[in-house]
Amino acid sequence: MVINNYIFIGLLLLVAITFAVLPLIVVAVIAPRKRSLAKSDTYECGVRTYGETWVRFRIQYYIYALMFVVFDIETVFLYPWAVSYAGLGAFALIEMIVFLVILSVGLAYAWAKGVLRWV
Amino acid sequence: MLWVAIGILLKILVVVSIALGTVAYLIYVERKVAAYAQDRVGPNRAGKELGIPFGLLQPLADGAKMVLKEDVIPGYVSRPLYMLAPVIAIVAAMIGFAVVPFGPVGPNQIMNFQIAPNINIGILYVFAIGSLAVYGIILAGWASNNKYAFLGALRSSAQLISYEIPLGMSILGMVLIAGSLDLNQIVNWQDRRVWGVVVQPIGFLLFLVSAFAETNRLPFDLPESEQELVGGYHTEYSAMKFGMFFLGEYLHVITVSYLTVLLFFGGWSLPFHLLNQNQIGFLSAVFKVMVLLFKVALMILFIMWVRWTLPRFRYDHLMDLAWKSLIPLSLVNLVATAAIVQLIYSSR
């Protein structure tokens with residue numbers, strides 16, 4: 001039965017892709033098309049665009065992404081714990097507090113280092 | 001099995017059409033709310049010739065315009081990614097619906113108002129799919145080869161990953177209290193006891209703030225902030241492709257409103273057990289669906305109201321809010337909830 005339920009999600013995925021691709025095909029068939037050089041220019045300010053867009057960007061995004069991975073995995077660990085919390089007893093609470101404290105130290109360290117300051 | 005699949009397919013088609021129709025009218029409602037907030041009347045012409053008042057045909061006119069306008073593809077874009085981005089945006093928004101119940105679900109119901117019932121990971125699935133939406137935005141911004149779009153996509157990526165953490169943690173308290181990830185079980189728990197907002201007020205606030213950020217709604221609409229980034233990640237998109245980003249955004253608003261109501265406002269139940277949940281039958285099912293829809297409509301109106309009330313955040317304030325306020329607060333909330341639940345268990 002469990003497998004069947006996931007088949008329904010697959011069906012929905014197929015329907016969703018159809019609903020997403022169909023309008024694009026319709027538009028490609030019936031919408032007017034008049035190409036011109038000015039239209040295919042980058043939309044900025046009317047003057048020719050200056051410099052590259054696909055550049056390397058700041059390292060700060062990388063650090064935020066790293067922090068995100070740590071905390072996201074933490075959240076994933078917390079979900080099963082929360083679901084079965086009723087049957088685990090008081091020790092589960094203490095264990096989880098230890099886990100959270102270790103991670104919070106990481107956050108506090110990053111904070112103190114000034115990593116979280118957006119400049 | 002085949003008949004079940006066909007039945008489900010029909011259900012999916014009905015749900016998707018209703019959702020898309022709702023989105024079309026949400027855009028109309030949004031424009032009306034915006035108009036009244038600014039002391040205007042808003043769209044009121046479309047349909048006048050046919051005797052239909054209040055411009056109620058405006059969504060049709062908007063839809064026709066999206067199809068009939070020229071679909072400009074700028075010359076400098078990375079074409080495959082440029083075409084793929086709106087598809088991802090709308091598919092991710094749609095398949096999140098799979099586990100959201102639109103009404104009572106259960107073995108003793110005559111009808112299950114859910115596309116994929118009995119998925120035990122429930123809300124985790126919604127969040128997993130919800131985080132896929134960021135790919136649509138980042139690909140759109142990157143593929144457009146436009147500096148405004150690129151800046152919008154960068155902002156969006158940092159914003160979405162930052163607010164995903166408090167969003168995930170804010171509902172942990174509710175999951176812990178109800179003991180299940182299944183949205184039906186959470187609603188049933190609230191019906192037996194009290195609404196989630198009473199037992200998890202901080203969780204509710206955290207969820208609300210993060211949800212605004214995750215749906216890119218004002219006051220957190222920095223990925224598209226018109227006044228500084230032209231249109232943000234969809235600057236280079238036109239016609240139907242732009243419309244698809246728009247549809248995706250409003251689908252997210254609907255999903256978030258459903259989740260808020262299901263998690264914190266009792267879903268299809270009424271307070272003080274005014275609605276007997278054990279009663280089965282067609283009329284009671286319809287009534288429960290109506291109750292849920294009413295609450296969701298109120299939630300959507302609230303989201304629109306906030307848009308015209310609060311100004312946009314500055315970007316560094318936005319990041320500070322997530323990392324220095326919401327995440328520590330959600331950790332504290334979780335530990336406090338767990339401790340109180342433990343106290344209640346041990347006192348029994």
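Residues numbered from 1 in each chain as written. Chains lettered and ligands numbered in written order. Predicted model: local features only at pLDDT ≥ 70, side-chain atom pairs only at ≥ 80, totals over all residues. Heavy atoms only, no water.

The subject of this paragraph is the overall build of chain A. Secondary structure assignment for chain A yields three helices and zero strands. Along the chain direction, N to C, the helices and strands of chain A fall in the order α-α-α. Its C-alpha radius of gyration of 25 Å places chain A more than 25% over the 14 Å reference for a compact globule of 119 residues. C-alpha atoms of chain A, sized along the principal axes, occupy 70 × 50 × 15 Å. (Helix = DSSP H or I, 4+ residues; strand = E, 2+ residues; numbered from the N terminus. Rg over C-alpha atoms; globule rule 2.2 N^0.38 Å.)

Attention now goes to a nonpolar patch on the surface. On the surface, A:Leu13, A:Ile17, A:Val21, A:Leu22, A:Ile25, A:Val26, A:Val29, A:Ile30 and B:Leu68 cluster together to form a nonpolar patch covering roughly 740 Å² of accessible area. The element best represented in the nonpolar patch is helix H1 (residues 2-30) of chain A, accounting for eight residues. Relative accessible area serves as the criterion here: at 46%, A:Ile30 is assigned to the partly exposed category. (Patch = residues over 30% accessible without salt bridge, like charges linked within 9 Å, V, L, I, M, F, W, Y side chains within 5 Å. Areas by Shrake-Rupley, 256 points an atom, 1.4 Å probe, with all protein chains shown as cover. Salt bridge = Lys/Arg side-chain N within 4 Å of Asp/Glu carboxyl O. Buried < 20%, exposed > 50% of the residue type's maximum accessible area, 1.4 Å probe, protein only.)

Opposite charge on two side chains allows them to pair when their charged atoms are near. Residue and element names in this part refer to chain B. According to the stated counting rule, one finds five salt bridges over all chains in the structure shown. With a shortest N-O distance of 3.3 Å, Arg 31 and Asp 62 are connected by a salt bridge. Separated by 31 residues along the polypeptide, Arg 31 in helix H1 (residues 2-37) and Asp 62 in helix H2 (residues 58-68) bring together distant segments of the chain. Judged by relative accessible area, Arg 31 falls into the partly exposed class, the value being 34%.

A word on the nonpolar core. If you look at the biggest cluster of nonpolar residues, it comprises 120 residues, and the most contacted ones within it are A:Trp81, B:Phe207, B:Leu251, B:Leu263 and B:Trp323. Tallying contributions element by element places helix H12 (residues 239-264) of chain B first for this core, with 14 residues. Not counting chain neighbours up to four residues away, the residues in contact with B:Leu251 comprise B:Ala19, B:Leu20, B:Val23, B:Ile90, B:Ala93, B:Met94 and B:Phe97. Among the nonpolar cores identified, the runner-up in size contains 14 residues, and B:Ala85, B:Ala89, B:Val134 and B:Tyr233 belong to it. (Core = buried A, V, L, I, M, F, W, Y, C linked by side-chain atoms within 4.5 Å. Contact = heavy atoms within 4.5 Å.)

Counting residues at the interface gives 82 residues for chain B, matched by 65 residues for chain A. Overall, the association of chain B and chain A removes approximately 6,600 Å² of surface from exposure, summing both partners, and the carbon and sulfur fraction of that is 76%. The largest share of the area that chain B buries against chain A comes from B:Glu70, B:Lys147 and B:Trp323, three residues that together contribute 10% of it. At the surface where chain B touches chain A, the tally comes to zero salt bridges. Put simply, chain B and chain A have four residue pairs in polar contact (both at pLDDT 80 or more) between them. In terms of residue count, the dominant contributor to the side of chain B that touches chain A is helix H14 (residues 315-347) of chain B (16 residues). Classifying every residue of the side of chain B that touches chain A gives 60 nonpolar, twelve polar and ten charged. (Buried area = accessible area lost by both parts, 1.4 Å probe. Polar contact = N/O pair within 3.5 Å; in protein donor to acceptor, adjacent residues only side chain to side chain. Nonpolar A, V, L, I, M, F, W, Y, C, P; charged D, E, K, R; others polar.)

All names here are of chain B. Taken domain by domain, chain B holds domain 1 (1-68) and domain 2 (74-346). Look at where the C-alpha atoms of domain 1 and domain 2 centre, and you get two points 21 Å apart. Residue-level contacts link 19 residues of domain 1 with 20 residues of domain 2. Of all residues in domain 1, the largest losses of buried area upon contact with domain 2 belong to Leu 26, Glu 30 and Met 66, amounting jointly to 34% of the total for that side. Applying the counting criterion to the domain 1 and domain 2 interface returns one salt bridge. Residues Arg 307 and Glu 30 are paired through a salt bridge, measuring 3.2 Å at the closest nitrogen-oxygen approach. Summed over the shared surface of domain 1 and domain 2, the result is three residue pairs in polar contact (both at pLDDT 80 or more). Secondary-structure elements contributing two or more residues to the side of domain 1 that touches domain 2 are H1 and H2. In terms of residues, the side of domain 1 that touches domain 2 owes the most to one element, H1, which gives 16 residues. (Domains from an automatic or database assignment.)

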